[in-house]
Amino acid sequence: MLLQTITIAVVIVLLLVILFVSQHNRSTHASLPYSIVTTFNGDASEARSFAWTTDDPEAASVLQLVPGTDAAKLDTNDVISFQGRTELLNIGDDKLGTHKAEAVGLTPDTTYTYRVGSGDAKGWSAPMTFTTAAADETENSSENQSSSFTFLNLADSQGVTEQDFKLWGDTLNKAFELYPDSRFVIHNGDFTENADDADGWRYLFEQAMPWAASIPLMPVVGNNDVLKKEGSTPLTARFDLPDNGANGVSGNYSFDYGTVHVAVLNTEEEISAQTKWLDADLAATKQPWLIVAIHRPLYGGSTYKKIKDWAEVIDRYKVDLVLQGHNHEYSRSFPLRDGKVTGSADQAVTNHSGTVYVVTNTAGPKFNEKKEDQFYHAVHFQNNKQMFAAITVEGDSLTYTAYTSDGEQVDSFTVEH
């Protein structure tokens, strides 16, 4: 009888141990980071922001980094730690943890190795790297016309299946193959087909690696990124963005890099508030190059009349370039001012004579039938190929070049100051 009692007790203890280990393993796995993405949030030479997702909405958010490329130093006293914040994201039937952390006080023009996680030994991401901007690319930029850099533009990765998002990944890979030193990426919205599709978001970021973890990916809110009851939460929860937009408007912000000022607007909400914000934002900047990024186009394959007041502000401040999405076809306008053509398709835009509006087709699986040509179209076609654009700023010149995902150049134009 005693032996039977001891045996039962041992079995119970073993079951409790197995249950504890199983729960611990599930907890550790749930806190493992994925969908890691970096963004600008402050001076690009001295700060960098990071966001990631876990299956544990209660996991802590910690960012660790060291100068250089020796990942082993992350486990030494040389490591620099930053405490982040965790938020619950209800998406579909899933309760996820979204995590954000900012690194500040960094050294310009320096490569860092970093990892993110809960702070537990088994809760870290793999080591990754990023490089801060050189000081001469961010200091006194209104007077510094010597720096040269390139950034990338894509839109509408908008997929459902893992294979859908492979198209976006292949396009991004080709872009970095041709422009390996690109400083950042602007995505003009509609990241996934369904904003509440957690798998879609995961596929999107998996295909964007390793770029998204090292090169800032700056998002624009698209109509497919919005949940009607919750605004743009599924998108903005996954990115750590500058908090300098119109009060209460998600995905509305601006940032500087080099001689460029980029104002990002949300075409899905609070249009009037953003009109006032855009006026104030463009009035305040001293950067010589002005770019606006939106989703639904002012002048694309079609026009979105609800945002027509934005065009008046764009004209007032003589914005150089407007990056757009939504139409899933390629469109480039003549230089425009006050709704009128002010230049030709083949000559450089000079002396702020007009703003050029572009839609860089799609980086995903969906193509729309080409819409009717309009008076403002300098170039307008549907080639049924994923596309991207490279924008190079060099002194008094900005060059926009559009490519297909197999590397074929299909359009180019220049703006000169």
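Residues numbered from 1 in each chain as written. Predicted model: local features only at pLDDT ≥ 70, side-chain atom pairs only at ≥ 80, totals over all residues. Heavy atoms only, no water.

A. How the structure looks around the overall build of the chain. For the chain, the helix and strand inventory stands at 7 helices and 24 strands. Per-residue burial over the chain gives 54% buried out of 417 residues. Summarising the internal contacts of the chain: among those between residues at least 6 apart in sequence, 70% fall at separations of at least 24. Working note: accessible area of the chain is about 17,700 Å², and carbon and sulfur atoms make up 50% of it. (Helix = DSSP H or I, 4+ residues; strand = E, 2+ residues; numbered from the N terminus. Buried < 20%, exposed > 50% of the residue type's maximum accessible area, 1.4 Å probe, protein only. Contact = heavy atoms within 4.5 Å. Areas by Shrake-Rupley, 256 points an atom, 1.4 Å probe, with all protein chains shown as cover.)

B. Quick look at the side chain of D156. Tracing the sequence through the fold places D156 in the loop between β9 (148-154) and α2 (162-178). Buried within the structure, D156 lacks any salt-bridge partner; its nearest side chain of opposite charge belongs to K366, at an N-O separation of 8.0 Å. At 3.0 Å, the side chain of D156 forms a polar contact with the backbone nitrogen of H326. Excluding residues within four positions of it along the chain, D156 makes contact with H187, G189, D190, H295, G325, H326, H328, N361, T362, A363 and G364. (Lys, Arg positive; Asp, Glu negative; His and termini not counted. Salt bridge = Lys/Arg side-chain N within 4 Å of Asp/Glu carboxyl O. Polar contact = N/O pair within 3.5 Å; in protein donor to acceptor, adjacent residues only side chain to side chain.)

C. Molecular detail of the sheet that holds strand β24 (residues 409-416). Read from one edge of the open sheet, 7 strands run β11-β10-β9-β22-β23-β24-β19, paired in mixed fashion. Of all strands in the sheet, those bounded by a partner on one side alone are β11 (217-219) and β19 (349-350). (Pairing = 2+ DSSP bridges.)

D. How the structure looks around the nonpolar core. Within the largest apolar cluster, 68 residues are counted, with the highest numbers of intra-cluster contacts made by I186, F239, F255, L321 and Y400. In terms of residue count, the dominant contributor to this core is strand β22 (residues 387-394) (6 residues). Among residues more than four places away in sequence, those in contact with Y400 are L321, L323, Y330, V358, T360, A389, A390, I391, D411, S412 and F413. Membership of the second largest hydrophobic core comes to 24 residues, among which are V249, L278, Y299 and A311. (Core = buried A, V, L, I, M, F, W, Y, C linked by side-chain atoms within 4.5 Å.)

E. Structural detail: the pattern of salt bridges. Taken as a whole and judged by the stated rule, the model has 16 salt bridges. Its salt-bridge partner being K166, residue D170 comes within 3.2 Å of it at the nearest N-O pair. With D170 and K166 both in helix α2 and 4 residues apart, the pair spans about one turn of that helix. Overall, the relative accessible area of 36% leaves K166 in the partly exposed class. D279 is paired through a salt bridge with R316; the nearest N and O atoms lie 2.5 Å apart. With D279 in helix α6 (residues 271-284) and R316 in helix α7 (residues 308-316), this pair connects stretches of sequence that are 37 residues apart. For D279, a relative accessible area of 24% corresponds to the partly exposed category. Here the residues in one salt-bridge network are R85, E102 and D240, joined through shared partners.

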